[in-house]
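Single-letter residue listing:
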Amino acid sequence: MVKGLKSILWIIITVAVLAIAGGTAYRFIASKVTPRETVSVRKESKVVSEPLSFYKGSDKISGKLYFVDADSLDVSLPTVICSSGTANSEFWCRSIPSRGGCAAFSFDYLSDKEKDRAAQLETVIKGIKGHKAVDGNSIWLLGEGFGCLTAANAAFDNPSKVKGLILVAPGFNPRDLSRKGKRYKGDILVLESGEPKSESLAKIRGMIIPDDED
């Protein structure tokens, strides 16, 4: 009787060890691929988020790319890079793909210094162009809160890389940057709302995807 119980106990222990080892192996293998997470925005939309990281020297800039799952489509999407460093940028990135027909990237800055933030944003702009879901010729910047100045500076400093600039409740007139010797000929959209409301998203869509391109 005792011998039988010992056998059963050893079987349970063996199964448990294999399960733990299997789980560890799975996590290791999963870390080698790019995971995608389904994001619920609207019932009729399927938006996925994909973790992406870019390096500026030894600094790792991490974020998520949000887009309507278009694996079956042979197209690249206009992409909005959200510059804020606050939680609100993720709200924009969850809403823009489903209602705007484009991709959106959200990330957190590693520094509060404007010079460092500008360099990190430029690294993101350069790196994200290589993603298969991103149209490298249609990169847009969305600044929100204190991220507006960083986005505007990046657009004015890299006019050939940024097709349009979207500023949410900026505390300055972006055209004032021209007085500092900077020039930018791309479209600039200024929104007063601090949240991704329907009317704001409609304006963004109209700016990025004109009606004649639907």
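Just above, that's the structure.
Description of the structure in this document. Not measured: the values here are computed from a predicted model. (Residues numbered from 1 in each chain as written. Predicted model: local features only at pLDDT ≥ 70, side-chain atom pairs only at ≥ 80, totals over all residues. Heavy atoms only, no water.)

Some thoughts on the overall build of the protein chain
Reasoning step 1: When helices and strands are tallied, the protein chain shows five helices and eight strands.
Reasoning step 2: When the helices and strands of the protein chain are read in sequence order from the N terminus, they spell out α-β-β-β-β-α-β-α-β-α-β-β-α.
Reasoning step 3: When each of the 214 residues of the protein chain is scored for burial, the buried share is 41%.
Reasoning step 4: If you take every contact in the protein chain between residues at least 6 apart in sequence, the share linking residues at least 24 apart comes to 59%.
Reasoning step 5: For the protein chain, the exposed surface amounts to about 12300 Å²; the carbon and sulfur share of it is 55%. (Helix = DSSP H or I, 4+ residues; strand = E, 2+ residues; numbered from the N terminus. Buried < 20%, exposed > 50% of the residue type's maximum accessible area, 1.4 Å probe, protein only. Contact = heavy atoms within 4.5 Å. Areas by Shrake-Rupley, 256 points an atom, 1.4 Å probe, with all protein chains shown as cover.)

Digging into the nonpolar core
Reasoning step 1: Ranked by internal contacts, the top residues of the largest apolar core, which has 30 residues, are Ile-81, Phe-105, Leu-141 and Leu-165.
Reasoning step 2: Mapped onto this core, the elements with two or more residues apiece are β2 (47–56), β3 (59–68), β4 (77–83), β5 (103–107), α3 (114–128), β6 (134–144), α4 (147–157) and β7 (164–168).
Reasoning step 3: Ranked by residues supplied to this core, first place goes to α4 with six residues.
Reasoning step 4: Beyond its immediate sequence surroundings of up to four residues, Leu-165 is in contact with Trp-140, Leu-141, Ala-151, Ala-152, Ala-155, Phe-156, Tyr-184, Asp-187, Ile-188, Leu-189 and Met-207.
Reasoning step 5: Among the nonpolar cores identified, the runner-up in size contains 20 residues, and Cys-93, Trp-140, Leu-142 and Leu-189 belong to it. (Core = buried A, V, L, I, M, F, W, Y, C linked by side-chain atoms within 4.5 Å.)

Points about unusual backbone geometry
Reasoning step 1: Phi is positive for Ala-169, close to 50°, though the residue is something other than glycine.
Reasoning step 2: Mapping Ala-169 onto the fold places it in the loop between β7 and β8 (187–191).
Reasoning step 3: Residue class for Ala-169 comes out partly exposed when judged on its relative accessible area of 44%.

A look at the side chain of Ser-83
Reasoning step 1: Structurally, Ser-83 is set in strand β4.
Reasoning step 2: A polar contact of 2.6 Å, which involves the side chain of Ser-83, links it to the side chain of Tyr-109.
Reasoning step 3: In this view, Ser-83 contacts Tyr-109, Leu-121, Leu-142, Gly-143, Glu-144, Gly-147, Cys-148, Thr-150 and Ala-151; residues no more than four positions away in its chain are not counted. (Polar contact = N/O pair within 3.5 Å; in protein donor to acceptor, adjacent residues only side chain to side chain.)

As for α4
Quick reminder: α-helices carry 3.6 residues per turn. Residues three or four places apart thus point the same way.
Reasoning step 1: The buried fraction of α4 is high, at nine of 11 residues.
Reasoning step 2: Those residues of α4 lying buried are Gly-147, Cys-148, Thr-150, Ala-151, Ala-152, Asn-153, Ala-154, Ala-155 and Phe-156.
Reasoning step 3: In this structure, the buried side of α4 is in contact with β4, α3, β6, β7 and β8.

Considerations on α3
Reasoning step 1: Taking 1.5 Å of rise per residue, 15 residues should cover 21 Å, and α3 covers 21 Å from first to last C-alpha, within 8% of that figure.
Reasoning step 2: Arg-117, Ala-118, Gln-120, Leu-121, Thr-123, Val-124, Ile-125 and Ile-128 are the residues of α3 that are buried.
Reasoning step 3: Buried positions along α3 lie against β2, β3, β4, β5, β6 and α4. (Expected span 1.5 Å × (residues − 1).)

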